[in-house]
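# Per-entry structural report
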Amino acid sequence: MAVITYLDAISQGLRDEMRRDENVIVLGEDIAVFGGAFKVTRGFLEEFGADRVIDTPISESGFTGAACGAAVEGLRPVVEFQFADFIACAFDQIVNYAAKNYYRWGIPMPVVFRGPSGGGFRGGPYHSQNPEAWFTHVPGLKVVQPATPYDAKGLLVAAIRDNNPVIYLEHKHLYRRIKEEVPEDDYVVPIGVAEVKREGSDLTIVTYGAMVHESLAVAERLSREGAECEVVDLRSLSPLDRDAFLTSVRKTGRALVVHEAHLTGGFGGEVAAIIAEQAFDALDAPVTRVAALDVPSPFAAQLEDAMLPTEEKIYTAARDVLEY
Amino acid sequence: MATENPASFLDPALDRTSIAPESAIDRDQLVTWYRTMCLARTCDEKLGALYRQGKIVGAVYLAVGQEAICTGVVSLLQPDDYFSTVARGLAGWFLRGVEPKHVIARWLGRDVPPSHGRELGLFLADIEHHGIAPYHNGSMASWIPSGAGFALAFKVRKQPRVYVAFTGDGATSPGDFYEGLNFAAIHKLPLVVIVENNCFAYSTGNAAQMPVENVADRAPAFNIPAEVAFGNDIFEVRRVAKRAIDHARAGNGPYLVEFKTFRTRGHGEHDDMGYVDAGLREFWERRDPLRLFREYLAGAGGLGEAGVKAIDDECAASIEDAVAWAEAQPAPAPETVTDRLFAP
Ligand SMILES: Cc1ncc(C[n+]2csc(CCOP(=O)(O)OP(=O)(O)O)c2C)c(N)n1
Ligand SMILES: [Mg+2]
């Protein structure tokens, strides 16, 4: 098994699926000749040809709608948004067409929307957002957000093979920073199944995406101080593996919910509500959330750091919950 | 609104008050098309009545006055071609084998496939039985990108099939119209766009919707051929649409045809059309597509008044039967509401 980056894992998963299934096509801006803004599809044009690797005009709604139509006809398009922020331009096709098609007609639409998302590298207001909650509110969409190279590849393969529209949010700040051993062969990480990334008995941290790494770092630090955190990586937000975090919270009696997206209306609110409804008896402390401040992503380092949930903020909140 | 000079309602070069085919057409074909248009008209009138009786709830949208366009265009399609309609395509469905009883049952919110009460009777997607592709009719023009996507799939698989996207005039203003046609034109996809310009988008006239006189005037932006024609003459519709379909099927890319027409009912039956000039209504009533076709068939078409009336009566009876069947269908069970959210 080779050690590869999160970015290469995505690339590998996509390339393998294109080799296995000629119905898989990719489309997006600058993905063919240039290999993508982040180089996820480098070399794809040469290998698969222009019919399957399509440079689109700058028209997110247009190529998203086209991908949806092609998907109904049996292709398995994987759409790359250059930055997840611009998925806003395709919002209508995703929430009003893709999400509702099967419910309305019983006709499957196997399409994947890849959104390079997340901040932490000074991208400013339009290259840093985490738009998952825009989509978890919409029935009929699956939403996944991998944190590790292994999950990134396995969830992408699962998303491509799924017969439903899947929003696949890959965190840009993990692309080249996070590496691990990833099997070269075929495997999937099933959509809708969370994973306990670290076991512990004193506090459950429910998280996903980039914040899994921050949460694991906090767990190590707290471990040295004598408290053991269990870190539950949701991996999929929709469908949601409720049992995974409820089981953990019933064991630890304390829950901290962490994500990089904004606090208000963020997915963490849903997780907190489920815990309050279904594990109230088990709680020894209020369910607490750590998330980005409710302001747009600012550019300057001092401002972005102040806005994002950092390891320090998670640590402080975790201590508060543990000491409640 | 002041009554305008009738000549200004339509380019005189397009206008006519009687119709005839250029060359002889098989009698059975003529009867099939007429029956289809008549069935759609009768069905629509019945839907309006059911709405006024409170049996159809919400709103109801009819296609009265536009039947020649979808009938003519769909009559040219091959069985494996796809099309999608917006709100004015009932006759096109019927020509493709959709049954009035199913349409009425859907309008009544009954538990019939494929939507089982989840969607208005106005919309239908059924690829398997009728080649009607699922489209996102919620937001105007969204079907142009998806139509391009179906056409892309045909092209990638090297299949000589076409996708026909019917669209209203108002739906040519949203960005999706531009984005979808732009993409289709770049890749020379077999997408035929049939614009049914019925003078209004809800209450808003063409002049407040676009800075050009014809939708077709927008085609140069996509470097695709476009034509303007009279949409209430089924023979003219077929003549022009054939050029478009042949062009797309041959791999030459998209083609746009704009048919001038008029909806003689409101946007929906809740709409009293107070914004429509009386002269304009009269102008188009004289050019009603069913009336023009009927006059031809009863006369030079050789069916005679009795022959045509027999078809009219047959349509009326079959719609009555369809309503009875539809009303007897069960409503969906409430507990099915969460079913079929995701495909297996
Ligand atoms: C994006 C969007 N905005 C508004 C509406 C509401 N709406 C439905 S039909 C319609 C008018 C459509 O006019 P046109 O395209 O000319 O079609 P017609 O009804 O005349 O056949 C409007 C405004 C909509 N469906 N989608
Ligand atoms: Mg109109």
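This text goes with the structure placed above it.
A quick note: this is a predicted structure, and the numbers were derived from the prediction, not measured.

## Structural notes on the overall build of chain B
Tallying secondary structure elements over chain B gives twelve helices and seven strands in all. Dimensions of chain B, computed from C-alpha atoms along their principal axes, come out at roughly 50 × 50 × 45 Å. Burial statistics for chain B: of 344 residues in total, 60% are counted as buried. Summed over all atoms, the accessible surface of chain B reaches about 13200 Å², with 52% contributed by carbon and sulfur. Put simply, chain B has 34 plus and 44 minus side-chain charges, and the middle of one group is 4 Å from the middle of the other.

## Digging into the packing of aromatic side chains
By convention here, two paired aromatic rings are described through the distance between centres and the angle between planes. According to the stated counting rule, one finds 26 aromatic pairs over all chains in the structure shown. With 6.1 Å between their ring centres and 20 degrees between their planes, F230(B) and W284(B) make a pair best called stacked. Of this pair, F230(B) sits in strand β6 (residues 226-230) while W284(B) sits in helix α10 (residues 278-285); the two residues are 54 residues apart in sequence, bridging distant segments of the chain. Neither residue differs from the other here; F230(B) and W284(B) are each classed as buried. Members of the aromatic cluster, each reached through a chain of ring pairs, are Y6(A), F38(A), F83(A), F86(A) and Y175(A).

## Observations concerning the coordination of the magnesium ion (ligand 2)
All names here are of chain B. Within the first shell, the magnesium ion (ligand 2) binds the protein through D169 (OD), N198 (OD1) and F200 (O), at distances of 2.1 Å. Here the donor residues of the magnesium ion (ligand 2) are spaced in sequence according to D-x28-N-x1-F. Of this pair, D169 sits in the loop between β2 (163-168) and α7 (175-186) while N198 sits in the loop between β3 (191-197) and β4 (200-201), placing them 29 residues apart in sequence. Judged by relative accessible area, which is 1%, D169 ranks as buried.

## What about the packing of helix α1 (residues 27-52) of chain B against helix α4 (residues 100-107) of chain B?
Axes are the key here: two packed helices are described by the angle between their axes and the distance separating the axes. All names here are of chain B. Here α1 crosses α4 at 25 degrees, and the two axes come no closer than 11 Å. With respect to each other, α1 and α4 are oriented roughly parallel. Between α1 and α4 lies a crossing of right-handed hand. Here α1 contributes L39, C43, L47 and L50 to the contact with α4, which in turn contributes P100, I104 and W107.

## A closer look at unusual backbone geometry
Each neighbour pair has its own omega, and for S238(A) with P239(A) the value is -5 degrees, a cis peptide bond. Mapped onto the elements, P239(A) comes out in the loop between β12 (236-238) and α8 (242-252). Cis peptide bonds are those with omega within 30 degrees of zero, and the linkage from P113(B) to P114(B) qualifies with 0 degrees. With respect to the helices, strands and loops of the structure, P114(B) is situated in the loop between α4 and α5 (127-130).

Reading guide: rules and limits
Residues numbered from 1 in each chain as written. Chains lettered and ligands numbered in written order. Predicted model: local features only at pLDDT ≥ 70, side-chain atom pairs only at ≥ 80, totals over all residues. Heavy atoms only, no water. Helix = DSSP H or I, 4+ residues; strand = E, 2+ residues; numbered from the N terminus. Buried < 20%, exposed > 50% of the residue type's maximum accessible area, 1.4 Å probe, protein only. Areas by Shrake-Rupley, 256 points an atom, 1.4 Å probe, with all protein chains shown as cover. Lys, Arg positive; Asp, Glu negative; His and termini not counted. Charge placed at Lys NZ, Arg CZ, Asp CG, Glu CD. Phe/Tyr/Trp six-rings, centres within 6.5 Å; stacked < 30°, edge-to-face > 60°. Donors = N, O, S within 2.8 Å, 3.2 Å for Na, K, Ca; no water. Axes fitted to C-alpha atoms, helices over the stretch in contact; angles between N-to-C directions. Parallel < 35°, antiparallel > 145°, perpendicular 65-115°, else oblique. Left-handed = near helix turned anticlockwise from the far one by under 90°. Contact = heavy atoms within 4.5 Å.

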